[in-house]
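# A closer look at the structure
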Number of protein chains: 2
Amino acid sequence: MTDKQNCYCVIMAGGVGTRFWPMSLNAKPKQFHDILGVGKSFLQQTYQRALDIVPKENVLILGCLAHKKLILEQLPELNESQVVLEPTGRDTAPCNLYAAMKIAQKNPDALMLILPSDHMIEDQKEFVKNIDAALSYAKNQDRLITIGIKPTHPNTGYGYIQYVLEDKGELKKVKTFTEKPTLEFAESFLASGDFLWNSGMFVWSCKAILKAYQSFLPSMYQQLEQVDFNTENEASQILVQYEKLQKISIDYGIMENAENTYVIPSDFGWSDIGTWTALYDVSKKDVAENAILSKNVRAYNLERTIVKNTENKLMIIDGLEDYIVVNTDRALLICPKSKDQEIKNYVNDLKLNKLEDYV
Amino acid sequence: MTDKQNCYCVIMAGGVGTRFWPMSLNAKPKQFHDILGVGKSFLQQTYQRALDIVPKENVLILGCLAHKKLILEQLPELNESQVVLEPTGRDTAPCNLYAAMKIAQKNPDALMLILPSDHMIEDQKEFVKNIDAALSYAKNQDRLITIGIKPTHPNTGYGYIQYVLEDKGELKKVKTFTEKPTLEFAESFLASGDFLWNSGMFVWSCKAILKAYQSFLPSMYQQLEQVDFNTENEASQILVQYEKLQKISIDYGIMENAENTYVIPSDFGWSDIGTWTALYDVSKKDVAENAILSKNVRAYNLERTIVKNTENKLMIIDGLEDYIVVNTDRALLICPKSKDQEIKNYVNDLKLNKLEDYV
């Protein structure tokens, strides 16, 4: 067991969740919504999950400046200093370096757990067990550990991690990181038995991750090093430094380059719920395999369709198969489930047509 | 030419327009909406149309008690005495008798033009010409004259009128009234050349129509005869008498029984716009034959579909063919065009499921 006081959880809440439009909007992206209908937003669920692993005061929320109020509203027990704000979104490498330096300034021996804010996890007990294991493997070691998910089907929306099958024990050396594959590749990955889904959850010591940034993103390191973390100057200095930083993901900037990457194969009922179809997949269905996620929906001849309605409005839907129907107070979306990845394109079209108000 | 001071126009505005749900609601049925997007409601258009035929003070609006405020709001130039209110809807025979007796009490020699409040007429000049002709044929004659529309296609949603082809002149003797036919019959009607669509517009003298009611609906006549029309007692007496009256249409109660029925074949671009599909038919289409009747609708792969949106909400619709999509602040309808007659059934289902608030 590791010392909990040394463990920090960084929840990444700066995403825009465009594929969940029109529920997810710039002003209130996916992680702030109760899309699963459980009574808590994704962010609130993730925060709750973290409290089984680290002390409350060791949770940091990484978010956009524009969402500060929203974050503090949803997590009122947080101290304002626990909300780490990016002036602009610059993908996951800069924000993770920011968090690591900020934590290291206070506690150089800290261990870090990085959690995306908008994933679903069904088995909390198993999750905690795996994270605790990862933390113990990260302690006093120069290891970058990811949480890999045992794949259940050839999902083409996820990245994959291939590991060294021969490694004994629960910690496996990573062989390769792979971006979203074609269906053919995904099927062969599943058949091979040594591939896991990349969950985007990481565990490392501050020392290990800062060393990795020095090696692979040295100019980013040098730029942020100039900030006086945990002082009154931090915010204004971040404002200056942040926009100079390279926009790059931590997977691409660090993990795919490092040699000391490990993975813990896990199985705790995980989904990134990245699209309306992913939400459909995990939702309760009626006899016609519809996921009707709201009241006041009356369906006739509807099959394999997901319906979400955030208003009190009544909806009568007749005759659709394999559709996504989402009604919010701002917009209505009706599109085939097969187009779930293209919702981004609709949103881009809105921007191009000066309809940003609806994004 | 007839003396205009003797001509009255009765606009029937008591319908519920269920097939235009969700735009048409009990609280504000079809005739009060600008469904054609011309800047005026159907009622306002019909009123305007009548002013080319009769003096303003000779227009009566037949409506439901519940819509009194709405009628006076939409037609502010009306005197309150021109709004003839039914306590409850009892189909078209009672309200037409009510109007005829009320007019006859003031002017026994009056001629009456009866207009439904929710039809579309494209050629006002031709319309006025036909109505003027009908009025002159009705003057001092015991004739019940209907306006028949030369059919352009085998519509199964309309009633048909067969007339005596041999009659010279524009006034034809009616041979039969026919209810909504099957497609097969409608096709043979069209081929035969002596069938017209029943527009629901009538012209007669007060004397002629009152005589017909005495013959064919004598108990209805006796019940309403007890009312002191155009006095302060009228409303309270109507309240008592009205609910005793038989619920029956004027077509079924009078026209199909009378021998003195005539029709004027007309062609002024008429449609009763009875369904969303009828509205689709008369609407301007885009290249994919969609009738997009509102702003803020973005269509992808949409074909032969009608879209109406009464909110500012943005709508993105992908992949539908031959659909009806209607969004209002109260409800959303998505159904195939082929189900346009079944919208009544959806509405009945709402009533059965205690969702009257949405009707």
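The sections below set out a description of the structure shown in this document. Nothing here was measured: the structure is a model prediction, and the numbers come from that model. Throughout this document, residue positions are counted from 1 along each chain, in the order its sequence is written. Each chain takes a letter, starting from A, and each ligand takes a number, starting from 1, following the order in which they are written. For this predicted model, a pLDDT threshold of at least 70 governs which residues receive local features, and a threshold of 80 or more governs which side-chain atom pairs are given and counted, while totals over whole chains, interfaces and linings are taken from all residues. Hydrogen atoms and water are omitted, and side-chain values are computed over all heavy atoms in the structure.

With that settled, consider the relation of the copies chain B and chain A. Copies overlap after least-squares fitting; the atoms used are the C-alpha atoms of residues with pLDDT of at least 70 in both. Each copy of the sequence occupies a distinct position, and chain B is placed on chain A by a rotation of 180° and an axial shift of 0.0 Å, giving an RMSD of 0.0 Å. The two molecules are tied by a two-fold rotation axis, judged by turn and shift. The contact definition used throughout considers only heavy atoms, calling two residues in contact when any of these lie within 4.5 Å. Interface overlap between copies is the fraction of interface residues in one copy that are interface residues in the other; for chain B against chain A it reaches 100%, indicating a shared surface.

Another point: the packing of helix α3 (residues 92-106) of chain B against helix α8 (residues 234-242) of chain B. All names here are of chain B. The axes used here are C-alpha line fits, helices contributing only the stretch in contact, and every angle between their N-to-C directions lies in the interval 0 to 180 degrees. Only DSSP runs of H or I with at least four residues qualify as helices, and only runs of E with at least two residues qualify as strands; both kinds are numbered from the N terminus onward. Following both chains from N to C, one finds α3 and α8 inclined at 150°, their axes separated by 13 Å at the closest point. Judged by the inter-axis angle, α3 sits roughly antiparallel to α8. In this structure, α3 meets α8 at a crossing whose hand is right-handed. Contact residues: P94, C95, Y98 and K102 in α3; E234, I238 and Y242 in α8. Residues of the contact of α3 with α8, tallied by class, amount to five nonpolar, no polar and two charged. Roughly parallel covers angles under 35 degrees, roughly antiparallel covers those over 145, roughly perpendicular covers 65 to 115, and oblique covers all other angles. By definition, turning the near helix anticlockwise from the far helix through less than a right angle yields a left-handed crossing, and turning it clockwise yields a right-handed one. Each residue is assigned to one class: nonpolar for Ala, Val, Leu, Ile, Met, Phe, Trp, Tyr, Cys and Pro, charged for Asp, Glu, Lys and Arg, and polar for all the others, Gly among them.

Before going further, it helps to spend a moment on the sheet that holds strand β13 (residues 297-300) of chain A. The strand order across the open sheet formed by six strands is β13(A)-β15(A)-β17(B)-β16(B)-β14(B)-β12(B), and the pairing between neighbours is mixed. This sheet does not close on itself; its edge strands, each paired only once, are β13 of chain A together with β12 (291-292) of chain B. A pair of strands counts as paired when DSSP detects no fewer than two bridges linking them. As judged from the four bridges shared by strand β15 (residues 314-318) of chain A and strand β17 (residues 331-336) of chain B, these two strands associate in the parallel manner. Residue pairing for β17(B): A:L314 is matched across the bridge by B:A331.

Looking now at helix α7 (residues 218-225) of chain A. Residues and elements named next belong to chain A. Only protein chains enter the accessibility calculation, which uses a 1.4 Å probe; a residue is then buried when its area is under 20% of its type maximum, exposed when over 50%, and partly exposed in between. Within the span of α7, buried status applies to M220, Y221 and L224. Down the axis of α7, the buried side of the element spans an arc of 100°, and every buried residue falls inside it. Each element contacted by the buried residues of α7 is listed here: α3 (92-106), α6 (206-216) and α8 (234-242). This arc describes the spread of directions from the helix axis toward the C-beta atoms.

Here we come to the packing of aromatic side chains. Residue and element names in this part refer to chain A. The criterion for an aromatic pair is that two Phe, Tyr or Trp rings (for Trp, the six-membered ring) have centres within 6.5 Å, with stacked assigned to planes under 30 degrees apart, edge-to-face to planes over 60 apart and tilted to the rest. If you walk through the whole model with that rule in mind, you get 24 aromatic pairs over all chains. Measuring from centroid to centroid gives 6.3 Å for W197 and W270, while their planes differ by 50°, and the two rings are tilted. Of this pair, W197 sits in strand β9 (residues 195-205) while W270 sits in strand β11 (residues 270-271); the two residues are 73 residues apart in sequence, bridging distant segments of the chain. Each member of the pair, W197 as well as W270, is classed as buried. Within the aromatic cluster, the residues linked to one another by ring pairs are Y160, F185, F189 and F195.

Attention shifts here to the pairing of strand β4 (residues 111-116) of chain B. One face of the sheet, then the other: side chains in a regular strand alternate in exactly this way. All names here are of chain B. With respect to burial, β4 is a largely interior element, six of its six residues being buried. The alternating pattern of β4 places L111, L113 and L115 and M112, I114 and P116 on opposite faces, both of which are buried. Pairing analysis gives six bridges linking strand β1 (residues 7-12) to β4, with the strands arranged parallel. Within β4, the position partnered with M12 by the bridge is P116. Pairing geometry for β4 and strand β9 (residues 195-205), over four bridges, is antiparallel. Bridge pairing links L113 to V203 in β9.

It is worth spelling out the pairing of strand β3 (residues 83-86) of chain B at this point. Residues and elements named next belong to chain B. Burial along β3 is two-sided: the residues V83 and L85 and V84 and E86 are all buried. Bridge count for strand β2 (residues 59-64) against β3 is four bridges, and the pairing is parallel. Bridge pairing in β3 places L62 opposite V84.

As a further point, take the environment of A:F177. Structurally, A:F177 can be placed in strand β8 (residues 172-178). Each residue touching A:F177, except ones within four places of it in the same chain, is listed here: A:T146, A:Y160, A:I161, A:N198, A:M255, A:E256 and A:T261.

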